[in-house]
Each structure stands twice: as structure tokens, then as C-alpha cells.
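What follows is the residue order along each chain.
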Amino acid sequence: MSVIEDVTEKAKHVQRSYAGDEDRPLAGYLGAMGAYGALVGGLTVLGRALGARLPDRFGAGDTALLGAATFKASRMLGKAAVTSPLRAPFTRYEESAGATELNESVPGKGHVEHAVGELLSCPFCLNVWVGTGLTAGLMMAPRATRLAATVLTAVGLADALHLLYDAGKKLASG
């Protein structure tokens, strides 16, 4: 048996042992982790080429700004109706989730397609990608990144205020 056949057979055994009767896309998840590693590596090379230097520490203000912006961007990418065309090749519309968000399912197609669908429709999964991008942006283009992060944070705050306003109206009328 060749090395490739041996590795392939062992990977299939791990897949069967791990997933049991379920079809868990381990190969797709491995691909996503590899893509993330390549992204981080590429950003590192780009940062070095641009002369970006890591700070000794990040301030609480930048950390809060990046956290709020990461939340809003991940939520928009993973759930917003307006971004559904980005998810449509990998997900299927199920129903409205209220406040301009959608519930979508991930069809059980190939492992890579399924893993990408899960990533794109899960704000929690998107957080690490978006947070990494925003943090890299803060290192390489801090002014532009702070501007974009401020806009995302302001939109997130406005969303929260809209939801509070609607809840207040319901309480007042009920």
C-alpha cells in the first residue's frame, strides 16, 4: 500500500470512528483550518512587507472597538438578509429570524461545501476570521480600520437601540 493510500485509509477510519452514523465534514473543517492558517500566514507576510510592527499591548479601547465591530460584522455576514447572496451557494433559506435576519440550513453535500456553509452561516464561527482581519487591519492600516470598526460599532449600537425601542413600544401598548 502506498503512503497516500495508507493516509487516506487512516483518515477514513478516523472519520468513521469520530462521526459514527452522522456525516460530519471533518475534511471540510480541516480545509477551513488550513485556509485560516494560510490567511494568518499571508497577513503576517504582508504586515512584515509593509513594516507593520506588533505593539507591546493593545489598549482597552481598541479591544472593545474591535470586539463590538467583530460582533456586528460577523452577525451581518452570517445572518443578515442583505448578505444572503454570499451564503446562498452553501446554504438554503429556511425562514425569517426577525429584525432582518434569516435562519438557513446547510445541506449535507460534500464535506468542503458543508463546512463552508456552516462557517458562513454561523456568526460565532465567523468571529475568529473577522476578528483576525480587523486586528490585522489595525496593525497595517490603523486609521482606516478604526474608521470601519467605528461604523460597525455604531451600527451595532443603533440596532440595539432599535430593538430596545420596539420592546418599549410593546410594553407600553401591552
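Treat the numbers as computed from the prediction; the structure is a model and nothing was measured.

Cut-offs used in this document
Residues numbered from 1 in each chain as written. Predicted model: local features only at pLDDT ≥ 70, side-chain atom pairs only at ≥ 80, totals over all residues. Heavy atoms only, no water. Helix = DSSP H or I, 4+ residues; strand = E, 2+ residues; numbered from the N terminus. Rg over C-alpha atoms; globule rule 2.2 N^0.38 Å. Buried < 20%, exposed > 50% of the residue type's maximum accessible area, 1.4 Å probe, protein only. Pairing = 2+ DSSP bridges. Phe/Tyr/Trp six-rings, centres within 6.5 Å; stacked < 30°, edge-to-face > 60°. Expected span 1.5 Å × (residues − 1). Patch = residues over 30% accessible without salt bridge, like charges linked within 9 Å, V, L, I, M, F, W, Y side chains within 5 Å. Areas by Shrake-Rupley, 256 points an atom, 1.4 Å probe, with all protein chains shown as cover. Salt bridge = Lys/Arg side-chain N within 4 Å of Asp/Glu carboxyl O. Contact = heavy atoms within 4.5 Å.

Chemist: Tell me what's going on with the overall build of the chain, and back it up with residues and numbers.
Modeler: Helices and strands together make up the secondary structure of the chain, namely seven helices and two strands. Listing each helix as α and each strand as β along the chain from the N terminus yields α-α-α-α-β-β-α-α-α. Taking 2.2 N^0.38 as the reference for a compact globule, 174 residues should give roughly 16 Å; the C-alpha atoms of the chain span a radius of gyration of 20 Å, well beyond that estimate. Structurally, the chain occupies a C-alpha span of about 70 × 50 × 25 Å along its principal axes. Counting every position in the chain, which comprises 174 residues, the buried fraction comes to 25%.

Chemist: Run through the pairing of strand S1 (residues 92-98), naming residues and quoting values.
Modeler: Bridge count between S1 and strand S2 (residues 101-105): five bridges; the pairing is antiparallel. Bridging across to S2, Gly 98 finds its partner in Glu 101. Counting the residues that bridge the hairpin from S1 to S2 gives two residues, and of these Ala 99 lies at a positive phi of roughly 50°.

Chemist: Give a description of the packing of aromatic side chains that names residues and reports values.
Modeler: For the coordinates displayed, the defined rule picks out one aromatic pair. Both rings, one in Tyr 36 and one in Trp 129, keep their centres 5.3 Å apart while their planes meet at 70°; by these two values the pair is edge-to-face. Pair noted here: Tyr 36 is in helix H2 (residues 26-49) and Trp 129 is in helix H6 (residues 123-140), with a separation of 93 residues, a long-range link. Judged by relative accessible area, Trp 129 falls into the partly exposed class, the value being 24%.

Chemist: Tell me about H2, residues and numbers included.
Modeler: The terminal C-alpha atoms of H2 lie 34 Å apart, and with 24 residues this matches the ideal 34 Å at 1.5 Å per residue to within 8%. Once H2 ends, the next one or two residues include Gly 51, with phi positive near 80°.

Chemist: Could you give me a rundown of unusual backbone geometry, with the residues and numbers involved?
Modeler: A positive phi is found at Ala 99, a non-glycine position, where the angle reads about 50°. As for its position among the elements, Ala 99 is in the loop between S1 and S2. With relative accessibility at 57%, the residue Ala 99 sits in the exposed group.

Chemist: Outline a nonpolar patch on the surface, supporting the account with residue identities and numerical values.
Modeler: On the surface, a nonpolar cluster with roughly 320 Å² of combined accessible area is contributed by Met 76, Leu 147, Val 151 and Val 155. Examining the composition of the nonpolar patch, we find that three residues originate from one element, helix H7 (residues 142-173), more than from any other. Assignment of secondary structure puts Leu 147 in helix H7.

Chemist: Any details on the environment of Val 130? Residues and values, ideally.
Modeler: Here Val 130 is to be found in helix H6. For Val 130, a relative accessible area of 14% translates into the label buried. Through-space distance from the C-alpha of Val 130 to that of Pro 142 is 15 Å; in sequence the pair is twelve residues apart. Here Val 130 is in contact with Thr 70, Ala 73, Ser 74 and Leu 77, once residues within four sequence places are set aside.

Chemist: Explain the pattern of salt bridges to me, using residue names and the numbers behind them.
Modeler: Opposite charge on two side chains makes pairing possible when the charged atoms of those side chains draw close. Summed over the entire model, instances satisfying the criterion amount to seven salt bridges. Between Asp 6 and Lys 10 there is a salt bridge, with the nearest N and O atoms lying 3.6 Å from each other. A residue pair is termed a helical-turn pair when its members lie 3 or 4 positions apart in one helix, as Asp 6 and Lys 10 do in helix H1 (residues 3-19) at four residues. Relative accessible area serves as the criterion here: at 30%, Asp 6 is assigned to the partly exposed category. Judged by its relative accessible area of 53%, Lys 10 falls in the exposed class. For Glu 9, the salt bridge identified is with Arg 16, shortest N-O distance 3.6 Å.

Purely spatial values, then, with no claim about function.
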